[in-house]
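Summary of the model geometry
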Amino acid sequence: MPNVQSYLGSGGTLPEPDRDLRYQIPEYQPLLGVVPQSDAKRGDSHQILIILCTACSIFICAALNGLLTLNIAQIAAELKLAPGVELWPMSLFFLAQGCTFVLAGSLTDVLGSRRVFLSGCFLQTVCYLSIGLAQSGAQLIASRIVSGMAYSMCFLSSMAIHRENLPVGKIRNLAFSSTITCQYAGHGVGILVAGLLSVTAGWRLSFHYAATLSLCGFLVSVWVIPKHVDDTKDIPWREIYGDIDWLGTFLATFLMALLFIALAYAYPDIPLTTSY
């Protein structure tokens, strides 16, 4: 190995590093994500559409949560919910959401972010329609539980979609921040819309509108969100069975459910109806 100090003392100079190479992002960087080569051809408009599709799903769900919070007494009276069960449509939604985050993240890693996000969007659409058509409290609560599971699928897979399809910089920061902001903005808009519809068209119409918007968002997402280079055409059943830690996932889910139940019994006067 040559002596660098003697080389410099003899008048030699080390070559200057290429200025462009110093600012290049490594080709493979797990923390920053791997952007497929086809993404280089996408313009800013396509990237904005990807952000809008993911944010739309989160916004609609948060808006309906706010609407349900304000109209829960009217809904409980119309569906004749038993005393003590009036808040279950809200509480069980967040219970299902919190308990399935680990499983949704594992499925996103194995099946791919696009497939999980579209599945979650479709489930959300079906749940919104079934809630609007619910004729009993059991139907409403069951739909809310499935909707909470679908929300965790949409939320986690949207983060993966941003990481995979958006370059590092302002556009990716905008995508992550918009996903979080839509939760709070949607909740506020839902409360505002609930106040208007509660005295006019009723709460069912809002869920029908939400199902229509969610279906439109699903169809647009099929076209806008690109397929990842590692996505397979068939469902990788062997990877689902072998790569997911099912024991750890169900154990974490079970413990999270026990935590919610323990808090509900310890503080019965404080309903667990919000995730904020």
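Position numbers for residues start from 1 in each chain and track the written sequence from start to end. Only residues with pLDDT of at least 70 are given local features in this predicted model, and only at 80 or more are side-chain atom pairs given and counted; all residues enter the totals for whole chains, interfaces and linings. The side-chain figures draw on all heavy atoms in the structure; neither hydrogens nor water molecules are used.

We now examine the overall build of the chain. Across its full length, the chain holds 12 helices and 0 strands. The N-to-C order of helical and strand elements in the chain reads α-α-α-α-α-α-α-α-α-α-α-α. Only protein chains enter the area calculation, which uses a 1.4 Å probe; residues under 20% of their type maximum are buried, those over 50% are exposed, and those in between are partly exposed. Taking all 276 residues of the chain together, the buried fraction comes to 42%. Any two residues having at least one pair of non-hydrogen atoms within 4.5 Å are treated as being in contact. Long-range pairs, those at least 24 residues apart, make up 84% of the contacts in the chain between residues at least 6 apart in sequence. Just so you have it, the chain exposes about 16000 Å², and 67% of that area is on carbon and sulfur atoms. Secondary structure elements follow DSSP: runs of H or I no shorter than four residues count as helices, runs of E no shorter than two count as strands, and numbering proceeds from the N terminus. To be clear on the numbers: accessible area is Shrake-Rupley with a 1.4 Å probe, and residue cover counts the displayed protein chains and nothing else.

Right, let's get into the confidence of the model for the chain. Within a predicted model, pLDDT stands for the predictor's per-residue confidence, ranging from 0 to 100. Residues of the chain with pLDDT of at least 70 account for 76%, and the chain-wide mean is 78. The secondary structure element of the chain with the lowest average pLDDT is helix α2 (residues 19–22), at 44, and the one with the highest is helix α7 (residues 113–132), at 92. Below a pLDDT of 50 lies the segment residues 17–40, which in the model reaches 21 contacts outside its immediate sequence neighbourhood of four places, other chains included.

The salt bridge criterion pairs a side-chain nitrogen of Lys or Arg with a carboxyl oxygen of Asp or Glu, the two atoms within 4 Å. In the structure shown here, the tally under the stated rule is 2 salt bridges. Taking the shortest distance from any N to any O, the salt bridge between Glu 78 and Arg 204 comes out at 3.1 Å. Separated by 126 residues along the polypeptide, Glu 78 in helix α4 (residues 72–79) and Arg 204 in helix α10 (residues 203–224) bring together distant segments of the chain. Put simply, Arg 163 and Glu 164 hold a salt bridge, and the shortest N to O gap is 3.8 Å. With relative accessibility at 32%, the residue Arg 163 sits in the partly exposed group.

Our focus in this paragraph is the side chain of Thr 179. The residue Thr 179 is located in helix α9 (residues 170–197) in this model. In this structure Thr 179 comes out as buried when scored by relative accessible area, which is 0%. A distance of 2.9 Å separates a polar side-chain atom of Thr 179 from the backbone oxygen of Ala 175. Those residues in contact with Thr 179, other than ones at most four positions away along the chain, are Ile 58, Phe 155, Ser 158, Met 159 and His 162. Polar contacts here mean pairs of N or O atoms no more than 3.5 Å apart (in protein, one a potential hydrogen donor and the other a potential acceptor; neighbouring residues in sequence count only if both atoms are side-chain atoms).

Moving on, we come to the UniProt feature "transmembrane region" (unreviewed entry) in the chain. UniProt positions are given in the numbering used here, feature names are shortened, and annotations may be inferred rather than shown by experiment. Those residues carrying the UniProt feature "transmembrane region" (unreviewed entry) are residues 48–67, 87–104, 116–135, 141–161, 182–201, 207–225 and 246–267 in this numbering. As annotated, residues 48–67 has a helix share of 100% and a strand share of 0%, and its two end C-alpha atoms lie 28 Å apart. End C-alpha to end C-alpha, residues 141–161 measures 30 Å, and it is 100% helix and 0% strand.

Looking now at the packing of aromatic side chains. Pairing of aromatic side chains here covers Phe, Tyr and the six-membered ring of Trp, requires ring centres within 6.5 Å, and sorts the geometry by plane angle: under 30 degrees stacked, over 60 edge-to-face, intermediate tilted. Here the structure, examined in full by the defined rule, presents 6 aromatic pairs. Judged by centre distance (5.1 Å) and plane angle (85°), the ring pair of Phe 93 and Phe 94 falls under edge-to-face. Considered together, Phe 93 and Phe 94 belong to a single accessibility category, that of buried residues. Note on Trp 203 and Phe 207: the rings are 5.9 Å apart at their centroids and 85° apart in plane angle, and the pair reads as edge-to-face. Taken together, the positions of Trp 203 and Phe 207, both in helix α10 and 4 residues apart, correspond to about one turn of that helix. Per residue, the accessibility class of Trp 203 equals that of Phe 207, and both read buried. Aromatic ring contacts, followed pair by pair, group Phe 93, Phe 94, Phe 101, Tyr 151 and Phe 155 into a single cluster. A ring is considered to have a charge above it if a Lys NZ or an Arg CZ atom is located within 6 Å of its centre and within 35 degrees of its normal. Across the ring face of Phe 93, the terminal group of Arg 144 is positioned such that the distance to the ring centre comes to 4.3 Å.

Let's shift gears to a nonpolar patch on the surface. Patch rule: a residue counts if its relative accessible area is over 30% and it has no salt bridge; like charges are joined within 9 Å, and nonpolar side chains (Val, Leu, Ile, Met, Phe, Trp, Tyr) within 5 Å. A cluster of nonpolar side chains, contributed by Ile 48, Leu 49, Leu 52, Leu 174, Val 220 and Trp 223, occupies part of the molecular surface with about 570 Å² of accessible area. Put simply, the parts of the chain that give the nonpolar patch at least two residues each are α3 (44–70) and α10. A per-element tally of the nonpolar patch places α3 first, with 3 residues. Its location among the elements puts Leu 174 in helix α9. Using a relative accessible area of 42% as the deciding quantity, one classes Leu 174 as partly exposed.

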